[in-house]
Amino acid sequence: ARSIVNRIWQAYFGTGIVATSEDLGKQAETPSHPELLDWLAVDLMDNGWSLKKLHKQIVMSSTYRQSSKVTPELQAKDPYNRLLARGPRLRVDAEIVRDIALAASGLLNRKVGGPSVYPPAPEFLFQPPVSYGPKNWYEEKGPNRYRRGLYTFRFRSVPYPMLQAFDAPNGDMSCVRRDRSNTPLQALTTLNEPMFLETARALALKTVREGGATEKDRLRFAFRRVVSRTPSEREADMLLTLLAKQTEKHKADPWQLAADDPANPPALPAGVTPAQLAGWTTLSRVLLNLDE
């Protein structure tokens with residue numbers, strides 16, 4: 001019961017009451033709140049091992065519902081929030097990083113269940129010497145291309161590169177606790193990986209079609225879709241300046257950036273030029289690259 005409670009707590013707060021959730025033995029780290037761990041474990045058993053009740057207890061607690069804002073003093077005293085003086089703020093798991101981009105762009109295929117799918121991946125990954133032997137990777141072309149990261153097919157010996165960049169474990173062993181790193185490779189992935197480029201193009205197209213008549217309205221539309229708030233004046237000024245520069249930059253050949261297939265570009269609303277769409281594509285890449 002302690003082990004189950006600890007793993008669920010870890011999912012919500014980033015770190016379990018016992019940080020080493022894969023090891024609750026005598027050599028494990030001491031629990032940060034041992035009485036709480038015991039109480040939750042006993043309560044779980046007393047309520048028929050109801051995980052639904054456990055989840056509800058945690059998310060409705062005043063501890064979980066605190067603001068995640070942190071003062072410099074609290075950051076210095078408790079950088080990992082082991083004292084639970086603030087709400088959790090942690091990077092989502094690898095699969096959800098891509099799901100958020102797909103959802104914000106409107107591309108996400110919300111179908112539940114079914115077989116694994118093959119999103120874009122570099123061809124050399126499945127050939128020797130990178131792979132033990134040649135493997136088939138049937139890249140999806142239809143709606144299955146945009147299914148949740150949960151459904152991405154993974155060979156045991158060839159991890160999917162985008163997921164691995166965001167700390168998804170290999171498939172050759174069980175994993176109770178994922179590490180969370182912050183590396184330049186992650187930023188490069190969300191800027192340049194083929195699926196993220198497609199989400200940026202889709203978000204740009206959705207913005208010029210549905211975001212409003214002015215650039216400010218469209219910026220608010222795109223910004224809210226990605227980070228669920230409106231931009232500050234300073235953020236808006238910086239992004240609109242970037243938009244103007246990128247629109248001018250891509251006047252000569254906009255479709256190379258703005259279209260998945262430059263030979264068959266999408267239809268644009270009246271008054272929107274291909275260069276403007278290219279500018280919005282660049283801006284969308286920036287928004288989808290924000291850690292927020």
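Quick caveat: nothing in here was measured; it's all calculated off a predicted structure. (Residues numbered from 1 in each chain as written. Predicted model: local features only at pLDDT ≥ 70, side-chain atom pairs only at ≥ 80, totals over all residues. Heavy atoms only, no water.)

Chemist: Outline helix H1 (residues 2-13), supporting the account with residue identities and numerical values.
Modeler: With 12 residues, H1 should cover 16 Å at 1.5 Å per step; its first-to-last C-alpha distance of 16 Å lies within 8% of that length. For H1, the complete set of buried residues consists of Val5, Asn6, Ile8, Trp9, Gln10 and Phe13. Structurally, H1 contributes buried residues whose contacts are with helix H2 (34-46) and helix H3 (51-59). Of the residues trailing H1, Gly14 is marked for its positive phi of about 90 degrees. (Helix = DSSP H or I, 4+ residues; strand = E, 2+ residues; numbered from the N terminus. Expected span 1.5 Å × (residues − 1). Buried < 20%, exposed > 50% of the residue type's maximum accessible area, 1.4 Å probe, protein only. Contact = heavy atoms within 4.5 Å.)

Chemist: Describe in detail empty space enclosed by the protein, supporting the description with residues and values.
Modeler: Summed over all chains, the structure comprises 2 cavities of 30 Å³ or more. Trp9, Phe13, Thr15, Gly16, Ile17, Ser32, His33, Tyr80, Asn81, Arg82 and Leu84 are the residues that line the largest cavity. Along the lines of polarity and charge, the residues of the lining of the largest cavity split into 5 nonpolar, 5 polar and 1 charged. Reported here for the second largest cavity is a volume of approximately 30 Å³. Around the second largest cavity sit Asp43, Leu44, Asn47, Ser50, Lys53, Leu54 and Gln57, which together line it. (1 Å grid on protein atoms, 1.4 Å probe; cavity = no way out; pocket = protein on both sides within 12 Å on 5 of 7 lines; lining within 4 Å. Points joined across faces, edges and corners; volume = space filled by probe spheres on them. Nonpolar A, V, L, I, M, F, W, Y, C, P; charged D, E, K, R; others polar.)

Chemist: Break down the packing of helix H10 (residues 233-249) against helix H12 (residues 274-288) for me, citing the residues and quoting the values.
Modeler: Contact geometry of H10 with H12 gives a least axis separation of 8 Å together with a crossing angle of 135 degrees. It follows from the interaxial angle that H10 and H12 lie oblique. As for how H10 packs across H12, the hand of that crossing is right-handed. Residues Leu239, Leu242, Leu243, Gln246 and Thr247 of H10 lie in contact with H12, whose contacting residues are Ala275, Gln276, Gly279, Trp280, Thr282, Leu283, Val286 and Leu287. Among the residues making up the contact of H10 with H12, the classes are represented as 8 nonpolar, 5 polar and no charged. (Axes fitted to C-alpha atoms, helices over the stretch in contact; angles between N-to-C directions. Parallel < 35°, antiparallel > 145°, perpendicular 65-115°, else oblique. Left-handed = near helix turned anticlockwise from the far one by under 90°.)

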